[in-house]
Amino acid sequence: MRESGVLPDYHGGCIVNLMASIVRALEGDERLYPPLRALPPARLAMRNVILLVIDGLGHEWLLAHRPDGPLARHVSGRMTSVFPSTTATAITTFLTGTAPQQHGVTGWFTYFAELGTVLAVLPYQPRHCGRSPTVPARRLLGHRSVFDRVNAHSHVVAPDRIIHSQFNAAHNARARPHAYKSLDQLIETITRLARARGDRRYIYGYWPELDRLAHAHGIESPEALAHLAELDAAFGAILEGISGTSTVVIVTGDHGFIDASADQTIELDLHPRLARTLSLPLCGDGRVAYCYVQPDRRADFTEYVATHLEGYVDLRESGALIRSGYFGLGSPHPRLHERVGDFTLLATGRAVIRDWLPGEPRYVHVGVHGGTSAREMYVPLIVAEG
């Protein structure tokens, strides 16, 4: 199949390279991934380093809609997300400093063979809506946190509803958690931490509201655009609050968005012959779907995709994606092959592919991400000093 879209630039232009710059600047150990070309560690030689991740903030979208706002005025360049360009995978990169090749979280829905189940990793819930695993996420994921790798007092600023979740508990490590309920509280907490006296600080903040609005209404919706104006104002308030503190603040996204097309949405219910070839539910995300195919049905699977889904998806062998470096550099996670299935369906255009388990609540996402289009893959590098 043809190569299409934007692939992660793990050699110096990806969010994992941003984390390499931060870790090295904070006197941590980073050997696998080189620093970000656009932000060498020496530029981060300040008393405090703040990283604020705005879920869903795409580079092209930001510059198209508020080119003269505070966020856009401080854009130093753009970076690629990881593959797939989705929250579970990218946020794990921000929290571990590694790419999916090492951390092994390959999408919103990831198959954990060691549990025999498909998990929605961030809420740490099985897809069949049963009880959460009894094994703690820290033990299952086995990640080493960025906060354990840097020589700085670390702080995590996140929504109160997720700050103590299994996923966050698995990654917060030595960092002190700070919960907030509003954008104003996020601003106040970040600026207070930057202004406090004492040793060097690394402050990681996460804001999810743009992602929620884009999923519900579309990234081009009035709701999402109004929120961008609020984010601009919030960034301006942070810059004012950290003035004179010898702090560098970096703002970026985990991925961008496109708005899906209803006439390019593939519902597996309507393709029962294809569904019968699968041994597990679709994993990954709607824009990148991992397919676990029954060994004696592989020919049926590939023939059906080629005949009935042409123009909607590119069909790739998942092992070939690993060998081609889609997930990162270096040695792969020991279970990476298990977590990407036999084949991957890469949605093209504005296509989405979905399946539903019996009793699973159905929903519609207007805005989607996970794919390799420029709008999904490129996130801004926003850097300012105070």
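Small disclaimer: the values here were computed from a predicted structure and weren't measured.

Peer 1: Help me get a handle on the packing of helix H9 (residues 209–217) against helix H10 (residues 222–241), residues and values and all.
Peer 2: Axis separation between H9 and H10 bottoms out at 9 Å; the angle between their running directions is 165 degrees. Relative to H10, the element H9 lies roughly antiparallel. For the pair H9 and H10, the sense of crossing is left-handed. Here Glu209, Leu210, Leu213 and His217 of H9 come into contact with H10, specifically with Glu223, Ala224, His227 and Leu231. Across the contact of H9 with H10, the residue classes break down as four nonpolar, two polar and two charged.

Peer 1: Lay out the packing of aromatic side chains with the relevant residues and their values.
Peer 2: Taken as a whole, this structure holds nine aromatic pairs when the rule is applied. Look at Tyr10 and Tyr33: their rings are 6.3 Å apart centre to centre, the planes differ by 55 degrees, and that puts the pair in the tilted class. Of this pair, Tyr10 sits in the segment before helix H1 (15–25) while Tyr33 sits in the loop between H1 and strand S1 (48–54); the two residues are 23 residues apart in sequence, bridging distant segments of the chain. By relative accessible area, which is 2% here, Tyr10 ends up buried. What links up through ring pairs into an aromatic cluster is the set Phe83, Tyr326 and Phe327.

Peer 1: Which residues make up the packing of H1 against helix H4 (residues 87–96), and what values do they have?
Peer 2: Where H1 contacts H4, the two axes come as close as 9 Å, and the packing angle between them is 15 degrees. The orientation of H1 relative to H4 falls into the category roughly parallel. As H1 runs across H4, the sense of the crossing is right-handed. Across the interface between the two elements, Ile15, Val16, Leu18 and Met19 of H1 pack against Ala90, Thr93 and Phe94 of H4. By residue class, the composition of the contact of H1 with H4 is six nonpolar, one polar and no charged.

Peer 1: Give a description of H4 that names residues and reports values.
Peer 2: In terms of residue burial, H4 counts as a mostly covered element, since 10 of its 10 residues are buried. Residues of H4 that are buried: Thr87, Ala88, Thr89, Ala90, Ile91, Thr92, Thr93, Phe94, Leu95 and Thr96. Backbone geometry just downstream of H4 places Gly97 in the positive-phi region, at approximately 75 degrees.

Peer 1: I'd love a proper account of the side chain of Ser85, names of residues and values included.
Peer 2: One can find Ser85 in the loop between strand S2 (75–80) and H4. A polar atom in the side chain of Ser85 sits 2.7 Å from the backbone oxygen of Gly371. Discounting chain neighbours no more than four positions away, the residues touching Ser85 are His255, His369, Gly370, Gly371, Glu376 and Met377.

Peer 1: Which residues make up the pattern of salt bridges, and what are the values?
Peer 2: As enumerated under the stated definition, the model contains 16 salt bridges in all. Of the charged contacts in the structure, one is a salt bridge between Asp9 and Arg37, with a shortest N-O distance of 2.3 Å. Here Arg37 lies in the loop between H1 and S1 and Asp9 lies in the segment before H1, a separation of 28 residues in the sequence. For Arg37, a relative accessible area of 56% corresponds to the exposed category. Note that Glu338 is salt-bridged to Arg335, the shortest N-O span being 2.8 Å. According to the relative accessible area criterion, Glu338 is partly exposed, its value standing at 32%.

Peer 1: Can you lay out the nonpolar core for me, pointing to particular residues and giving the numbers?
Peer 2: Counting 72 residues, the largest nonpolar core has Leu18, Ile22, Leu51, Tyr202 and Tyr204 as the members making the most contacts within it. In terms of residue count, H1 provides more of this core than any other element does, eight residues in total. Not counting chain neighbours up to four residues away, the residues in contact with Tyr202 comprise Met19, Ile22, Leu26, Val49, Leu51, Val146, Phe147, Ala152, His153, Ser154 and His155. Listed in part, the 33 residues of the second largest apolar core include Leu57, Leu62, Phe235 and Phe257.

Peer 1: Could you give an account of the pairing of strand S6 (residues 153–159), naming the residues involved and the relevant values?
Peer 2: Most of S6 sits inside the fold, with six of its seven residues counted as buried. Pairing of S6 with strand S8 (residues 201–207), which is carried by five bridges, proceeds in the parallel orientation. Bridge pairing in S8 places Ser154 opposite Tyr202. Pairing of S6 with strand S7 (residues 176–180) involves five bridges; the strand directions are parallel. Across the sheet, the residue bridging to Ala158 is Ala179, located in S7. In this region the chain leaves S6, passes through helix H7 (residues 166–172) and returns to the parallel neighbour S7; the handedness of that crossover is right-handed.

Peer 1: How would you sum up the environment of Ala42? Please name residues and give values.
Peer 2: Note that Ala42 resides in the loop between H1 and S1. The exposure class of Ala42 is exposed, given its relative accessible area of 66%. A sequence separation of 316 residues divides Ala42 from Pro358, and the C-alpha atoms of the two residues are 54 Å apart.

Cut-offs used in this document
Residues numbered from 1 in each chain as written. Predicted model: local features only at pLDDT ≥ 70, side-chain atom pairs only at ≥ 80, totals over all residues. Heavy atoms only, no water. Axes fitted to C-alpha atoms, helices over the stretch in contact; angles between N-to-C directions. Helix = DSSP H or I, 4+ residues; strand = E, 2+ residues; numbered from the N terminus. Parallel < 35°, antiparallel > 145°, perpendicular 65-115°, else oblique. Left-handed = near helix turned anticlockwise from the far one by under 90°. Contact = heavy atoms within 4.5 Å. Nonpolar A, V, L, I, M, F, W, Y, C, P; charged D, E, K, R; others polar. Phe/Tyr/Trp six-rings, centres within 6.5 Å; stacked < 30°, edge-to-face > 60°. Buried < 20%, exposed > 50% of the residue type's maximum accessible area, 1.4 Å probe, protein only. Polar contact = N/O pair within 3.5 Å; in protein donor to acceptor, adjacent residues only side chain to side chain. Salt bridge = Lys/Arg side-chain N within 4 Å of Asp/Glu carboxyl O. Core = buried A, V, L, I, M, F, W, Y, C linked by side-chain atoms within 4.5 Å. Pairing = 2+ DSSP bridges. Right-handed = clockwise from strand over helix to strand, strands pointing away.

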